Amino acid sequence: MSGPSLMDSLFQRSLEDLIKGLRQQLIGEQAFISKSLEEIRKEIKSTDLSTKSTALLKLSYLSNLHFHDMSFAVFPALEVLSSPRFSHKKIAYHAILLSFHDSTPILLLITNHLRKDLNSTNEFEVSLALQCLSRIANVDLARDLTPEVFTLLSSNKLYVRKRAVAVVLRVFEKYPDSVRVCFKRLVENLENSDPQILSAVVGVFSELVLKIFSKLAPLEPRLAKRVVEPICDLMRNTGATSLLFECIRTVVTSLSEYESAVRLAVGKVRGFLVDEDPNLKYLGLQALRIVAEKHLWAVAENKEVVIKSLSDADPNIKIESLRLVMAMVSEHNVSEMSRVLVNYALKSDPVFCNEILGSILSTCSRNLYEIIVDFDWYVSLLGEMSRIPHCQMGDEIENQLIDIGLRVKDVRPELVHVARDLLIDPALLGNSFLHGVLSAAAWESGEYVEFSRNPLELMEALLQPRTNLLPPSIRAIYIQSAFKVLVFCLHTCIMQGESIAPSASLDYLPSGVSASASYELFDDFSVENGADATVVHGQTRASAPITEESIVDLLNLVELAFGPLLGSHDVEELGPVSLSAQGKVCLPNGLVLKENLSDLEMICGDIEPSSSNSFSFGNPNEEKDGLSFSSLQIKEDSEQPHESTSLLAEHRKRHGLYYLPLRKSEIISNDYPPANDPTLQGDINDNADHLVKLTAESLVPKRKPNHSKPRPVVVKLDEVNEKPVAMKQPESRDNSLSGAVREVLFGSEDILPTSSQSNLSNSSKRKGKEKQHTDPHVESKESAVGDGNSSSRRRSQGKERRQRSPRKKNDEERKDTVQKEKKNRSGRHKSIQRAEEPLKVPAQTSVIPDFLL
Amino acid sequence: MIKAVMVMNTQGKTRLAKFYEYLPVEKQQELIRGIFAVLCSRAENVSNFIDAESIFGPDSRLVYKHFATLYFVFVFDSSENELAVLDLIQVFVETLDKCFQNVCELDIVFNYSKVHTILDEMIFGGQVVETSSSEIMKAVEEISKLEAASNAITLIPKSASGWRSR
């Protein structure tokens with residue numbers, strides 16, 4: 001008995017002491033924990049196994065509940081594991097479960113211990129070892145221990161066998177060749193009469209199928225037919241809610257072709273929806289949403305409940321019902337629905353309010369604003385939404401405002417009107433969420449100022465004092481728009497007047513504005529004059545005639561607003577640049593400015609400039625660009641614009657692919673098909689709720705929309721094509737596992753299990769084989785489900801579980817393989833069901849191996 | 001499969017945590033904190049489900065139940081049915097009750113090993129293997145007997161409290 005270690009071990013704190021000590025907190029928790037950790041480190045090095053194991057237990061506790069790292073205890077854990085005592089083993093396994101993972105370096109040293117314990121006669125030791133294996137198995141462990149697992153699969157102790165089956169999946173995953181060894185036993189277990197074993201085995205199969213075959217295996221369509229009836233019976237007769245829910249979910253996700261089943265399911269869902277229990281309500285709404293994709297009538301039938309749920313206390317329920325309501329929106333009722341939803345939003349908390357606004361925005365903008373017919377109304381709605389106190393959707397609104405302005409020419413007057421309303425209100429300037437919207441509004445008022453009714457008012461709005469509060473980038477837009485408005489006003493004034501000589505108006509320009517800047521402005525629109533005069537003049541809707549006095553006022557305003565800016569460091573004066581200074585600027589390599597452009601003749605030839613009615617988006621900029629280019633070569637002023645536009649036009653003709661469309665070539669026709677599903681049916685159940693009536697309006701198919709004015713044209717610009725989502729290659733280990741399973745099933749094929757290429761022939765071959773894989777056990781399930789002799793007993797003892805594929809392909813044609821099986825928690829085991837979605841890929845037939853029949 | 005089981009009290013202290021997929025301890029702590037943040041903002045009579053995708057990654061759902069001062073939280077993927085997991089929580093709590101007679105939070109605090117044993121009997125490697133609380137109890141009792149038997153070999157207790165009790 002060595003003195004110190006005995007003394008130490010005599011007074012070792014047990015886990016209980018540790019916990020008690022922690023709770024007493026005499027010296028503060030952190031200090032106590034560090035002291036204990038020190039003790040543990042000493043104790044864990046002791047040679048006495050009991051001391052070590054207690055230390056290990058304490059460490060596990062600290063690691064688990066106080067999140068301390070215990071990786072230094074890896075070796076001691078192994079040492080404790082070697083103890084013959086059950087309690088030590090338990091502690092050691094617990095520690096291993098907490099701290100070991102795939103990359104722990106000494107994992108291999110466990111192998112022998114595991115093997116010993118797996119072969120033990122004590123079922124609890126076996127279970128401990130199995131559990132350990134299930135969590136930390138890597139390739140080597142799996143490979144080495146496959147024989148043991150194999151033995152255990154046929155153990156006569158139910159307790160052990162259940163767990164062996166559960167472990168099998170993990171072993172398979174890591175070491176696919178083990179499939180060869182274990183698969184048969186696994187399948188034999190399928191025929192076991194014990195429901196628990198059965199459910200464990202089916203669980204393994206489901207996960208196997210799910211993880212590996214979900215993308216490849218075609219499904220047996222006959223199975224769905226067979227299964228529908230029993231499921232419907234179950235739904236009618238069962239008392240267990242969870243089982244009922246499972247059936248409903250099965251039906252709506254994968255058996256949705258069977259109308260009667262769907263009707264029955266929807267009826268049950270209705271029962272859920274009116275239940276008091278919020279859980280059931282939520283699940284009912286969820287199920288309804290899944291149904292809604294194909295069967296909107298189901299939603300229509302239940303719409304009162306759905307709409308009532310919008311104001312439920314539970315946030316989950318609110319969001320689900322919001323989604324359902326959005327599914328019911330169509331072009332007939334979009335305006336009224338939005339009105340009602342916005343009212344809801346005003347009354348709700350911030351989070352839900354933004355949810356509502358977000359969903360309105362995304363629904364309305366889907367597919368280039370497919371469901372919007374009256375853009376004027378929509379634009380004003382956007383303006384209104386910006387004003388809602390909690391609104392945080394400023395960016396999206398900004399995007400849509402600008403987007404609509406670009407695409408829909410006819411709405412620009414209304415757009416400017418809305419912009420003016422937004423700009424005039426000084427209260428909005430302080431709201432940081434709205435800066436995006438304000439910048440959009442400012443930009444549009446500048447861009448489309450010709451549609452404005454009162455440009456002077458716009459100017460005042462843009463120049464109001466509180467704009468100083470805005471961030472610089474937004475302010476820049478305001479300034480640019482202000483100049484655009486100014487130019488427009490001057491121009492209109494001149495057109496109206498004709499008597500004011502250009503030179504005279506220069507006197508009005510305040511000295512603060514630099515002379516060259518004003519010259520440039522002037523040059524610009526003197527050229528524009530010719531081209532656009534008629535166009536602009538015709539469209540001016542100025543209610544206030546722009547007189548000389550008003551121009552003076554404007555200019556004074558501008559000076560007032562921008563004068564101080566010129567003095568600030570943010571703004572640089574645009575001074576003239578002399579020719580010699582320009583000459584000193586060194587050209588970047590390869591850029592030849594003065595080259596004769598006659599080479600372009602080859603490309604462009606002789607082309608007249610396009611008429612001024614063409615799509616105005618490109619033209620003014622073109623001319624300005626031509627001008628700025630020519631400012632370097634002042635001599636060629638007048639000719640350059642013509643040439644450049646004609647060259648441009650010809651180039652556009654030859655290489656039209658790369659340009660924005662000149663004409664509105666991709667017009668969405670005015671009588672486009674109704675946005676809602678033609679399958680919508682349903683009676684209009686009238687009640688006090690406005691929304692209900694509105695959603696009902698969307699249900700009459702084929703009725704031509706009566707609109708007071710035709711839908712404006714929405715231009716579709718050349719969008720960048722979305723990259724097609726890459727088909728996910730199955731991982732190589734999946735390939736090897738599937739290969740292994742295939743091998744087991746079909747014995748003598750020379751298919752290498754380790755091929756990691758998935759070329760088309762392989763995958764199609766695999767399709768056939770996997771189908772076979774599901775086929776046999778589908779067959780065995782079928783025999784369980786059908787009205788066979790002994791199968792009625794099996795039928796009453798099996799389980800049903802539902803799995804959904806974690807990875808969905810982007811291909812909309814294919815539905816995923818779903819296998820269902822259910823475990824009934826409350827011990828009321830009823831029938832075994834398995835439902836699978838029929839896939840469109842045709843099944844290939846091949847021989848079913850004997851041992852599986 | 002079940003991804004994680006957690007029991008935490010209304011102040012956010014973890015009383016039980018079991019993750020069926022390996023996660024480093026810092027990540028575990030983060031996750032638990034995240035869940036607690038969501039849980040304490042839930043009202044009383046709302047549904048027991050939370051969308052766990054932002055915390056646990058894709059394809060995860062969360063079901064929780066509030067008993068006295070404890071939240072029981074189960075995280076699972078789409079292969080499990082929410083209502084069934086609710087039932088599972090019920091089974092777990094019933095088993096705890098049978099084991100400790102009128103279980104309260106302190107029982108869970110002081111019986112770290114036993115609670116883990118119970119949980120391991122119910123959920124094995126993420127799969128549910130036992131749903132009958134009486135069966136679980138039987139197994140747990142046998143295990144405790146085994147443990148006690150294996151410890152009885154020593155005549156001299158090795159822990160300070162054992163020494164004192166002599």
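Quick caveat, the model's predicted, so the values are computed rather than measured. (Residues numbered from 1 in each chain as written. Chains lettered and ligands numbered in written order. Predicted model: local features only at pLDDT ≥ 70, side-chain atom pairs only at ≥ 80, totals over all residues. Heavy atoms only, no water.)

## Side note on the overall build of chain B
Link 1 in the chain: Within chain B one finds seven helices and seven strands.
Link 2 in the chain: For chain B, the α and β elements follow one another from N to C terminus as β-β-α-β-α-β-β-α-α-α-β-β-α-α.
Link 3 in the chain: Evaluated residue by residue, chain B yields a buried proportion of 57% over its 166 residues.
Link 4 in the chain: For chain B, the share of sequence-separated contacts (at least 6 apart) that also reach a separation of at least 24 residues comes to 47%. (Helix = DSSP H or I, 4+ residues; strand = E, 2+ residues; numbered from the N terminus. Buried < 20%, exposed > 50% of the residue type's maximum accessible area, 1.4 Å probe, protein only. Contact = heavy atoms within 4.5 Å.)

## Observations concerning the overall build of chain A
Link 1 in the chain: Of the regular secondary structure elements, chain A holds 38 helices and two strands.
Link 2 in the chain: Sequence-distant contacts, at least 24 apart, represent 73% of the contacts inside chain A between residues at least 6 apart.

## A short note on the packing of helix H7 (residues 110-118) of chain A against helix H9 (residues 139-153) of chain A
When two helices pack together, their arrangement is given by the angle between their axes and by how far apart the axes lie.
Residue and element names in this part refer to chain A.
Link 1 in the chain: Where H7 meets H9, the closest approach of the two axes is 10 Å, and the angle between their N-to-C directions is 0°. With respect to each other, H7 and H9 are oriented roughly parallel. Residue-level inspection shows Thr111, Leu114, Arg115 and Leu118 of H7 in contact with H9, the latter providing Leu141, Asp144, Leu145, Glu148 and Leu152.
Link 2 in the chain: Of the residues that constitute the contact of H7 with H9, the class distribution is five nonpolar, one polar and three charged. (Axes fitted to C-alpha atoms, helices over the stretch in contact; angles between N-to-C directions. Parallel < 35°, antiparallel > 145°, perpendicular 65-115°, else oblique. Nonpolar A, V, L, I, M, F, W, Y, C, P; charged D, E, K, R; others polar.)

## Focus: helix H1 (residues 25-39) of chain B
Residue and element names in this part refer to chain B.
Link 1 in the chain: Relative to the 21 Å expected for 15 residues at 1.5 Å per residue, H1 spans 21 Å between its end C-alpha atoms, a close match to the ideal helical length.
Link 2 in the chain: Along H1, the residues classified as buried are Val25, Gln28, Leu31, Ile32, Ile35, Phe36 and Leu39. The buried residues of H1 occupy an angular sector of 135° when projected down its axis, which confines them to one face. Of the residues in H1, the exposed ones pointing more than 90 degrees away from the buried face are Glu26, Glu30 and Arg33. (Expected span 1.5 Å × (residues − 1). Arc of directions from axis to C-beta.)

## A word on the packing of aromatic side chains
All names here are of chain A.
Link 1 in the chain: As enumerated under the stated definition, the model contains 13 aromatic pairs over all chains in all.
Link 2 in the chain: Where Tyr369 meets Tyr378, the ring centres are 6.4 Å apart and the plane angle is 55°; that geometry is what we call tilted. Assigned by exposure class, Tyr369 and Tyr378 land together as buried.
Link 3 in the chain: Aromatic side chains Trp443 and Tyr448 sit 6.1 Å apart centroid to centroid with 85° between the ring planes, which places their arrangement in the edge-to-face category.
Link 4 in the chain: Classification of Tyr448 as buried rests on a relative accessible area of 5%.
Link 5 in the chain: A connected cluster of aromatic rings, assembled from ring pairs, spans Tyr369, Phe375, Trp377 and Tyr378.
Link 6 in the chain: Over the face of the ring belonging to Phe72 we find Arg41, whose NZ or CZ atom lies 4.0 Å from the ring centre.
Link 7 in the chain: Taking the ring centre of Tyr159 as reference, the NZ or CZ of Arg163 above it sits at 3.9 Å. (Phe/Tyr/Trp six-rings, centres within 6.5 Å; stacked < 30°, edge-to-face > 60°. Lys NZ or Arg CZ within 6 Å of the ring centre and 35° of its normal.)

## Here's the deal with a negative patch on the surface
Link 1 in the chain: Negative charge collects at one region of the surface, where Glu460, Glu548, Glu549 and Asp553 of chain A lie side by side.
Link 2 in the chain: On the secondary structure map, Asp553 of chain A appears in helix H30 (residues 548-567). (Patch = residues over 30% accessible without salt bridge, like charges linked within 9 Å, V, L, I, M, F, W, Y side chains within 5 Å. Areas by Shrake-Rupley, 256 points an atom, 1.4 Å probe, with all protein chains shown as cover. Salt bridge = Lys/Arg side-chain N within 4 Å of Asp/Glu carboxyl O. Lys, Arg positive; Asp, Glu negative; His and termini not counted. Charge placed at Lys NZ, Arg CZ, Asp CG, Glu CD.)

## Let's talk about helix H19 (residues 315-327) of chain A
Link 1 in the chain: The end-to-end C-alpha distance of H19 of chain A is 19 Å, a good match for the 18 Å that 13 residues give at a rise of 1.5 Å each.
Link 2 in the chain: Turning to H19 of chain A, its buried residues are Asn316, Ile317, Lys318, Glu320, Ser321, Leu322, Leu324, Val325 and Met326 of chain A.
Link 3 in the chain: Buried residues along H19 of chain A sit against helix H16 (278-292), helix H17 (296-301), helix H18 (303-309), helix H20 (334-347) and helix H21 (350-369) of chain A together with strand S3 (49-51) of chain B.
Link 4 in the chain: Where H19 of chain A begins, the side chain of Asp314 of chain A points an oxygen toward the backbone nitrogen of Asn316 of chain A, at a separation of 3.1 Å. (Polar contact = N/O pair within 3.5 Å; in protein donor to acceptor, adjacent residues only side chain to side chain.)

## Quick word on unusual backbone geometry
Residue and element names in this part refer to chain A.
Link 1 in the chain: Despite not being glycine, Phe67 shows a phi value in the positive range, around 60°.
Link 2 in the chain: Structurally, Phe67 is set in the loop between helix H4 (49-66) and helix H5 (74-81).
Link 3 in the chain: Taking relative accessible area as the criterion, Phe67 reaches 13% and is therefore assigned buried.
Link 4 in the chain: Although it is not a glycine, Asn367 adopts a positive phi angle of roughly 55°.
Link 5 in the chain: Relative to the elements of secondary structure, Asn367 occurs in helix H21.
Link 6 in the chain: A relative accessible area of 55% means that Asn367 is categorised as exposed.

## Some details on the pairing of strand S4 (residues 61-67) of chain B
Residues and elements named next belong to chain B.
Link 1 in the chain: Looking at chain direction, S3 and S4 are connected through three bridges and run antiparallel. Considered in S4, the bridge of Ile50 is made with Leu62.
Link 2 in the chain: Two elements, S4 and strand S5 (residues 70-76), share seven bridges in a ladder whose sense is antiparallel. The partner of Arg61 across the bridge, within S5, is Phe76.
Link 3 in the chain: A loop of two residues connects S4 with S5, the two strands running antiparallel in sequence, and Ala68 in this loop sits at a positive phi of about 50°. (Pairing = 2+ DSSP bridges.)

## Observations regarding the interface of chain B and chain A
Link 1 in the chain: If you look at the interface, chain B gives 65 residues, while chain A gives 71 residues.
Link 2 in the chain: When chain B packs against chain A, the two sides together hide about 5800 Å² of surface, and 53% of this comes from carbon and sulfur.
Link 3 in the chain: At the junction of chain B and chain A, the tally comes to four salt bridges.
Link 4 in the chain: For Lys162 of chain A, the salt bridge is made with Glu130 of chain B, and the minimal N-O distance between the two is 3.1 Å.
Link 5 in the chain: Where chain B packs against chain A, one counts 16 residue pairs in polar contact (both at pLDDT 80 or more).
Link 6 in the chain: It is helix H6 (residues 133-151) of chain B that provides the largest number of residues to the side of chain B that touches chain A, a total of seven residues. (Buried area = accessible area lost by both parts, 1.4 Å probe.)

## Comments concerning the nonpolar core
Link 1 in the chain: With 149 residues, the main nonpolar core has Tyr378 of chain A together with Phe74 and Phe92 of chain B as its most contacted residues.
Link 2 in the chain: Here this core takes eleven residues from helix H3 (residues 82-100) of chain B, the largest share from any one element.
Link 3 in the chain: Not counting residues within four places of it along the chain, the set of residues in contact with Tyr378 of chain A comprises Leu361, Cys364, Tyr369, Ile372, Gln400 and Ile404 of chain A.
Link 4 in the chain: Within the second largest apolar cluster, 70 residues are counted, among which are Leu57, Leu107, Leu114 and Leu152 of chain A. (Core = buried A, V, L, I, M, F, W, Y, C linked by side-chain atoms within 4.5 Å.)

## Topic: the pattern of salt bridges
Residues and elements named next belong to chain A.
Link 1 in the chain: Across all of its chains, the model carries 24 salt bridges over all chains by this definition.
Link 2 in the chain: Here Lys58 ties to Glu43 by a salt bridge, and the two come within 3.2 Å at their closest N and O atoms. A residue pair is termed long-range when its members are at least 10 positions apart, and Lys58 in helix H4 and Glu43 in helix H3 (residues 29-44) qualify at 15 residues.
Link 3 in the chain: A salt bridge links Glu148 to Arg115, with the nearest nitrogen and oxygen atoms 3.4 Å apart. Here Glu148 is found in helix H9, whereas its partner Arg115 is found in helix H7, with 33 residues between them in sequence.
Link 4 in the chain: Exposure remark for Glu148: the relative accessible area of 10% places this residue in the buried category.
Link 5 in the chain: Within this structure, Arg13, Lys35 and Glu39 form a network of salt bridges that share partners.

## With respect to the environment of Glu39 of chain A
Residue and element names in this part refer to chain A.
Link 1 in the chain: Relative to the assigned elements, Glu39 resides in helix H3.
Link 2 in the chain: Linking Glu39 and Ala55, residues 16 residues apart in sequence, is a C-alpha distance of 8.3 Å.
Link 3 in the chain: Within the local environment of Glu39, its side chain forms a polar contact with the side chain of Arg13, the two groups lying 2.7 Å apart.

## Some details on the sheet that holds strand S1 (residues 2-9) of chain B
Residue and element names in this part refer to chain B.
Link 1 in the chain: The strand order across the open sheet formed by five strands is S2-S1-S5-S4-S3, and the pairing between neighbours is antiparallel. Edge positions in the open sheet fall to strand S2 (14-19) and S3, since each of these has one partner strand only. Direction aside, neighbouring strands of the sheet carry axes that sit 20° apart on average.
Link 2 in the chain: As judged from the five bridges shared by S1 and S2, these two strands associate in the antiparallel manner. Paired with Ala4 across the bridge in S2 is Phe19.

## Structural notes on the pairing of S5 of chain B
Residues and elements named next belong to chain B.
Link 1 in the chain: In terms of burial, S5 is a largely internal element, seven of the seven residues being buried.
Link 2 in the chain: Where S1 lies against S5, seven bridges are found, and the strand directions are antiparallel. Counted as the bridge partner of Met6 is Val73 from S5.

## Let's talk about the side chain of Asn316 of chain A
Link 1 in the chain: By secondary structure assignment, the location of Asn316 of chain A is in helix H19.
Link 2 in the chain: Among the residues examined, Asn316 of chain A registers a relative accessible area of 15% and is labelled buried.
Link 3 in the chain: A polar atom in the side chain of Asn316 of chain A sits 3.3 Å from the side chain of Ser47 of chain B.

## What about the packing of helix H24 (residues 412-424) of chain A against helix H25 (residues 435-447) of chain A?
Residue and element names in this part refer to chain A.
Link 1 in the chain: One can describe the packing of H24 onto H25 by two numbers: an axis separation of 9 Å at closest approach and a directional angle of 130°. With respect to H25, the axis of H24 lies oblique. Where H24 crosses over H25, the handedness of that crossing is left-handed. Of the residues in H25, those in contact with Leu415, Val416, Ala419, Leu422 and Leu423 of H24 are Val437, Leu438, Ala441, Ala442, Glu444 and Ser445.
Link 2 in the chain: Its residues placed into classes, the contact of H24 with H25 shows nine nonpolar, one polar and one charged. (Left-handed = near helix turned anticlockwise from the far one by under 90°.)

Such coordinate-based values are descriptive only and should not be taken to indicate function.
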